[in-house]
Amino acid sequence: MIWGRYVLTAGLQSCRCRVSCHVRRHYRIFPDDVKSLRAVVNPDVSKIRNIGIMAHIDAGKTTTTERMLYYSGYTRALGDVDDGDTVTDFMAQERERGITIQSAAVTFEWKTHRINLIDTPGHVDFTLEVERALRVLDGAVAVFDASAGVEAQTLTVWRQAEKHHVPCVCFLNKMDKPAASLSFSIESIKKKLKANPVLLQIPVGRGKDFSGVVDLLTNQKLIWKHKTMRDEEDGRTFEITPLDESEEPELLQEVSEARTALIEQVADLDDEFADLLLTDFGENFDEVPSIKLQEAVRRVTLARKGVPVLCGSSLRNKGVQPLLDAITAYLPAPNERHYDLVRWYKDDLCALAFKVLHDKQRGPLVFLRIYSGTLKPQSAVHNINRNSVERISRLMVPFADQNVEIPSMTAGNIALTVGLKQTVTGDTIVSSKSSAAAAARRAHNDSGTGAKCGEHASVVLSGVEVPEPVFFCTIEPPTMAKQADLENALNNLQREDPSLKVRLDPDSGQTILCGMGELHIEIIHDRIRREYGIETDLGPLQVAYRESILHKVSSTETLDRTIGERRHVVTVELAVTPLDSSSCEFAFTEELGAKLSAEIKEAVENGVQSAYLQGPLLGYPLQGVSALIQSVHMEPGTSPAMVSACVSRCVQKALRLGGGQVLEPVMSLEVTVEEERLSSVLGDLAQRRGTVRDIQSRHDDKVLLATVPLAEMMGYSTILRTVTSGNATFTLELDTYEAMNPQDQNTLLKRVSGLL
C-alpha cells in the first residue's frame, strides 16, 4: 500500500498542477476510504460498468458527466462548459467553442461499482468518435433535451448503439426549461427511435418549479431543495420521503397511473415478471416489491426490449445521483455481454485498440478495451492485424487528460498504454501469436467449419467502420523547410482520427486534406497550428463528388508488351452496368471463375479497383457500378501485373463509353427556428437548391426538415445567423449521393476545366 499511496498522491499533484493555471479545481482519483489498491485497480468484473454518454449537440452530455464526477467524489468542484473548466472537455478548441470534439475516458467509483465512462461528441463531423466508443462499451446513456425530444444527431447515435447491440438508459435532461415536456419526449422516443421507453420517474414541478422526481419503483419522492448558502446548492444532498395521503391529489393520481402502466408494460416484456404477477399479485399491483420490479426492468434492458427513462436537470444539479444508480442497476457488466470470439481465448489476453492519442513526450497513447486475460506493463504483445510484436512499456488508468500508472489490468476494463508504436484504431491485441493460433483452432473445432487451424481471420475482433469524407482542401506549409514537420503532424493526426484522410494529388503534387465537414477541417487546421507550431495555408474547401455511368456497355482491350526478352500478351473482355446501390462491385462469369487461378483473379480485382478510383468525367471515385469479367486470354508467361494493367484500361474504356454522370452528396438538414423567421430561412434554402421534406412544430418554434446539396452549404452557419439574428440552430448530416441535373453538371464541368 505504500506504493499505492505514492502513485495516488503523485497523480493528485499532477492533476492540480495541470489545471491550476485556469481554475482552481480539486481531484480525488480514488475515494478516501480505499482499503485495497487491488480492489480499485481490478474490481470484480460484475461491479464494472463500461458506458458512454451520447446525445445531440447541446443536450447536456458533458454537464451530466461533470455532475457524475462531482457526486462520485472524483472532483471537488463543479465544472461548467461555459466556463471552460470541465474535466472531459480538456482540449483548447473544446473549451473555446463549448463543444465536445473528441471522446474522453474517465474512471470513477459509484458506491460499490467501477464506472468507466466515455463522454462522446454530439456534432456530426465527429460521429466516428461515437462509433469507436460504442464499439467497445457495454452500455450507454442517451441524454435528451426534454424540451426538444429526439433531435437529428440523436437518431444517428441511437442507430450506432443499435448496430453494436448496446443496451441504453435514457435521461431526459433540462426538465427545468419552461418548454420541457415529459409526454412529448416519451412520444418522440417511441415514434422517431422506434424504441420502447420504460418510464421509471415522473417530475415534481414543471419548468422553473422543477424540484425533483418520484421514483415509480419505490413510490418515493426525491426532492432537491434550494438553499440560501451557495456552497449548499451543489445538489449533493436531497430528501427522500415516501409518498403519503398528504401529497397533492394530482401528483398521487399521476404516480398511481404511471406505476400501474409501468408494471403492465414490464409484464408484457418479461415473462418471468408476468408469471410473478399472475401468481402472487394479480389482485393488487401496489404490493409488488420494488426489488422484483427492478430485477424485471434490468432483464428487459439487457434484452434490449425496452429502455429505462429517467429525468432531471444536470445544470441545476438535480436527478444525476438516481441516474448513476440506474447505470449500475440496469446496464450490463462486461461478463453479461456475450462475445463468442472472446471465449475462444479463454484466459489469454484479447483486447481491442479503439483510440490513439499522440503525446509529444511519450509517443502514441493507445486505448485498449480488454475482453479477456490480464494486461501488464513491460510485456510483449502480438498485434494480429499488423502481424507484429510490440512491447507495452507503461499501463495506466485513463482520467481524461490525466492518468495514473497501475501494475496490471484485468478483463472488462479500459486501459491506456504507452509503447505500442504500430498499433492503430481497430487492431486486435493478443498475448502471443501462438495464443491466436490456439484460439483459431478452438473456433474451428467449435464450429466445425470456417477458418483452418493457424488462420487468424476468425479470431480478430471487428474493427471500426470509418465513414467516407465529404469535404477536401489543399494544405501547404509556410516554407518547404516545414514540409517534413507537416507530414509528421498529419501522420500523427491521421492515426488519432481515422476519418481524416490525407493524399497527394498526382497532377499538382499538392497535399489534399479530406474530412467530415467544415468544422472538422477547421479543427484539424487549428490543431496543426497550436500543437505542432506550423502555420499552414488551406486552399478553398471542395466537395467530394462521386461519378457513375448511365448505360450498360461492353468493352474489349488487348495489351501486348515486350519487356526484355519476355513478351506479355493479354486480352480482356468485360461489361459494366450501372447500379442503384452506393457500392462498386465486380464478378466473374461462372465458367471463367472456375478456370482462373487465384493469382490471376487477384490481379483482375486489383485492375478493377484501380479503375474505380477515377471516373470518366472529372476523375472522382466511382459509385454504383458493377463490372462482369467475361473472358481473360493470356499468352504463356504473361505476368499478373500486365493482366491487372489490361483490366484497368478495359474498365476505363467501358466507363467512357457508358456515358458518365456526376453524383453529389446531398445532406439532411434540420433547422430549429422561431416561427416569425421561418420565411427567411425558407427563402435562403430555395436559393441553395434545397427541398423541404416537412415543417414541424416544437412548442413555440418550427423545425424545418429538408435535403440540400452539400455544395450549397458552404458557410451556412454564418448566413443562418444573419437571417435569423442568431435565433436558430441547425444540424447537417450526409443523407445520400444523387445525380446532378444536366445544367448543374455542365456548370461544374466548365468550372473544373477552367472555362468559368
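Summarised in this report is the structure supplied together with it. Since this is a predicted model, take the numbers as computed values, not measurements. Counting of residues starts from 1 at the beginning of each chain's written sequence and follows it residue by residue. Since the coordinates come from a predicted model, pLDDT governs what is reported: local features require at least 70, and pairs of side-chain atoms require 80 or more to be given and counted, while whole-chain, interface and lining totals use all residues. Side-chain numbers here rest on the full set of heavy atoms in the structure, without hydrogens or water.

Runs of E in the DSSP output that reach at least two residues are strands. Runs of H or I that reach at least four are helices, and both are numbered from the N terminus. Relative to the elements of secondary structure, Ser668 occurs in strand 32 (residues 660-674). Judged by relative accessible area, which is 18%, Ser668 ranks as buried. Beyond its immediate sequence surroundings of up to four residues, Ser668 is in contact with Arg693, Ala706, Thr731, Leu732, Glu733 and Asp735. Throughout this description, buried means an accessible area under 20% of the type-specific maximum (1.4 Å probe, protein chains only), exposed means over 50%, and partly exposed covers the range between. Whether two residues are in contact is decided by their heavy atoms: any pair within 4.5 Å suffices.

So, about the packing of helix 10 (residues 290-302) against helix 11 (residues 320-330). Their axes nearest at 9 Å, the elements helix 10 and helix 11 cross at an angle of 70°. Considered as vectors, helix 10 and helix 11 are oriented roughly perpendicular to each other. Of helix 11, the residues touching helix 10 (which contributes Gln294, Val297, Arg298, Thr301 and Leu302) are Thr328, Ala329 and Tyr330. Residue classes in the contact of helix 10 with helix 11 are distributed as 4 nonpolar, 3 polar and 1 charged. To define axes, lines are fitted to C-alpha atoms, for helices over the stretch in contact only, and angles between the resulting N-to-C directions are given on a 0 to 180 degree scale. An angle below 35 degrees is read as roughly parallel, one above 145 as roughly antiparallel, one from 65 to 115 as roughly perpendicular, and any other as oblique. By the convention adopted, Pro, Cys, Tyr, Trp, Phe, Met, Ile, Leu, Val and Ala count as nonpolar, Lys, Arg, Asp and Glu as charged, and the other residues, Gly among them, as polar.

To continue, consider the packing of helix 8 (residues 249-269) against helix 10. Closest axis-to-axis distance for the helix 8/helix 10 pair is 10 Å, and the angle between their directions is 50°. Between helix 8 and helix 10, the angle falls in the class oblique. When the axes of helix 8 and helix 10 are compared, the crossing they make is left-handed. Each of Arg259, Leu262, Ile263, Val266 and Leu269 in helix 8 lies in contact with helix 10, whose residues at this interface are Leu293, Ala296, Val297 and Val300. For the contact of helix 8 with helix 10, a count of residues per class yields 8 nonpolar, no polar and 1 charged. Each crossing gets its handedness from the near helix: less than a right angle anticlockwise from the far helix is left-handed, clockwise is right-handed.

Our next topic: the sheet that holds strand 7 (residues 201-204). One bridge is not enough; two strands pair if DSSP finds at least two bridges between them. Pairing within the open sheet is antiparallel, and its 4 strands lie in the order 7-8-9-10. Of all the strands in the sheet, just strand 7 and strand 10 (239-242) have a single pairing partner and so form its edges. The mean angle between the axes of side-by-side strands here comes to 25°, regardless of whether they run parallel or antiparallel. Pairing of strand 9 (residues 220-223) with strand 10 involves 4 bridges; the strand directions are antiparallel. Bridge assignment links Lys221 to a residue of strand 10, and that residue is Thr241.

This next bit is on the sheet that holds strand 28 (residues 553-563). Read from one edge to the other, the open sheet built from 4 strands follows the order 28-29-31-30, with strand pairing classed as mixed. Single-partner strands in this sheet number two, and they are strand 28 and strand 30 (584-588). Neighbour-to-neighbour, the strand axes of this sheet turn through a mean angle of 25°, independent of strand direction. With 11 bridges joining them, strand 28 and strand 29 (residues 566-578) adopt antiparallel strand pairing. Paired with Thr558 across the two strands is Thr571, which belongs to strand 29. Along the sheet, helix 17 (residues 598-612) makes contact with strand 30 and strand 31 (625-634), crossing strand 30 at roughly 150°. Relative to the sheet, helix 18 (residues 640-657) contacts strand 28, strand 29 and strand 31, its axis offset from that of strand 28 by approximately 145°.

Time to look at the packing of aromatic side chains. Within 6.5 Å between ring centres, the rings of Phe, Tyr and Trp (the latter by its six-membered ring) count as paired, and their orientation is classed by plane angle as stacked under 30 degrees, edge-to-face over 60, tilted in between. This structure, assessed with the given rule, holds 6 aromatic pairs. Their ring planes at 90° and their centres at 5.1 Å tell us that Tyr716 and Phe730 sit as a pair that is edge-to-face. In this pair, Tyr716 sits in helix 20 (residues 716-723) while Phe730 sits in strand 35 (residues 728-739), placing the two residues 14 residues apart along the sequence. Judged by its relative accessible area of 2%, Tyr716 is buried. A ring is considered to have a charge above it if a Lys NZ or an Arg CZ atom is located within 6 Å of its centre and within 35 degrees of its normal. We note Arg369 situated over the ring of Tyr371; from NZ or CZ to the ring centre the distance is 4.7 Å.

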